[in-house]
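Next come the chains, spelled out residue by residue.
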Amino acid sequence: MLLFPESLEHIVHIDRMLTSFSGHLLLVGRVGVGRRNAVTIASYMLGYELHTPAISRDYSLKQFNADVKTILYTAGVKGEHIVFFIEDFQIAGAESILEVVNSLLSAGEVPGLYSHEELGPLLSPLNEKMREEMASSSVVYRTTYEYFVSRVKKYLHIALCFDPGHPKFLYRCESNPALYAQCAVMWLGEWRTQSLKTIPYLLEGV
């Protein structure tokens, strides 16, 4: 049996954070240390959906907001756990993307993301669920949108991967305080050769 303590330790820590309420992660480490693999394995083991932006040449804030609407529907309306996995190269073309992420981390919403025309159809499936939840508990929601945001906070998990050697690493963290205030920060070092050889076997079937 192959042992790979450092990779298992990473996965265990990620698993613990993803199962906590509003469990978000800031994974700091060089490219190639297994950040994506660890998050993928932990998400698969938990049965959580994993979503990451599909970057193209013209990827911008508009496309990112479309991705955000997708994950918010899964978390806020369907009530299913979802991990939004974002690497620093995916925000290279639009630094304003981090402002959206910062808002999601701190408040569970993005002001102005939805138009009034979009909110009605989005929230209508939640009306009955909200009434049932308030009837069975002491929690009171003033609006259906407030209930929607509470579900986003419960089911959405954001995993950010940053390279500490990136010239904008400190600037991005200082400009978006929720990145370290709302995330569990994990520093990932290099993995042993034996561990890297084992990872492909763990990913079989993911």
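In what follows, the structure referred to is the one given above.
Residues numbered from 1 in each chain as written. Predicted model: local features only at pLDDT ≥ 70, side-chain atom pairs only at ≥ 80, totals over all residues. Heavy atoms only, no water.

Visitor: Go over the nonpolar core, please, and point to the residues and values.
Guide: Buried together is how nonpolar side chains tend to be arranged in soluble globular proteins. Judged by nonpolar contacts, the single largest core of 41 residues is most densely connected at Phe64, Val68, Leu72, Val101, Phe148, Leu156 and Leu160. What Phe148 contacts, discounting residues up to four positions off in sequence, is Leu72, Gly76, Val77, Tyr114, Leu122, Leu123 and Leu126. Of all hydrophobic cores here, the second largest spans 16 residues; its members include Ala38, Ile41, Ala42 and Cys161. (Core = buried A, V, L, I, M, F, W, Y, C linked by side-chain atoms within 4.5 Å. Buried < 20%, exposed > 50% of the residue type's maximum accessible area, 1.4 Å probe, protein only. Contact = heavy atoms within 4.5 Å.)

Visitor: Tell me about the sheet that holds strand β1 (residues 24–28), and name the residues and values.
Guide: Strands sit in the order β2-β3-β4-β1-β5 across an open sheet of five strands; the sheet is parallel. The open sheet has two edge strands with one neighbour each: β2 (49–51) and β5 (183–187). On average, each strand axis in the sheet is inclined to that of its neighbour by 20 degrees, with strand direction left out of account. The pairing of strand β3 (residues 82–87) with strand β4 (residues 156–162) spans six bridges and is parallel. Bridging from a neighbouring strand, Ile86 pairs with Leu160 of β4. (Pairing = 2+ DSSP bridges. Helix = DSSP H or I, 4+ residues; strand = E, 2+ residues; numbered from the N terminus. Axes fitted to C-alpha atoms, helices over the stretch in contact; angles between N-to-C directions.)

Visitor: Run through the pattern of salt bridges, naming residues and quoting values.
Guide: Applying the stated rule across the entire model yields five salt bridges. Salt-bridge contacts for Lys78 lead to Glu80; the nearest nitrogen and oxygen are separated by 3.7 Å. In this structure, Arg131 and Glu128 form a salt bridge, with 2.9 Å as the shortest nitrogen-oxygen distance. Of this pair, Arg131 and Glu128 both sit in helix α6 (residues 127–136), separated by three residues, roughly a single helical turn. What makes Arg131 partly exposed here is its relative accessible area of 46%. (Salt bridge = Lys/Arg side-chain N within 4 Å of Asp/Glu carboxyl O.)

Visitor: Describe the pairing of β3, with residues and values.
Guide: Of all six residues that make up β3, six are buried, and the element is covered over most of its length. Of the two faces of β3, the one lined by Ile82, Phe84 and Ile86 and the one lined by Val83, Phe85 and Glu87 are each fully buried.

Visitor: So, the pairing of β1: which residues are in play, and what are the values?
Guide: Most of β1 sits inside the fold, with five of its five residues counted as buried. Burial along β1 is two-sided: the face carrying His24, Leu26 and Val28 and the face carrying Leu25 and Leu27 are both buried. Relative to β5, β1 is paired through five bridges, and the arrangement is parallel. Paired with Val28 across the bridge in β5 is Trp187. Here β1 pairs with β4 via four bridges, running parallel. Pairing of Leu25 across the sheet is with Ala159, part of β4.

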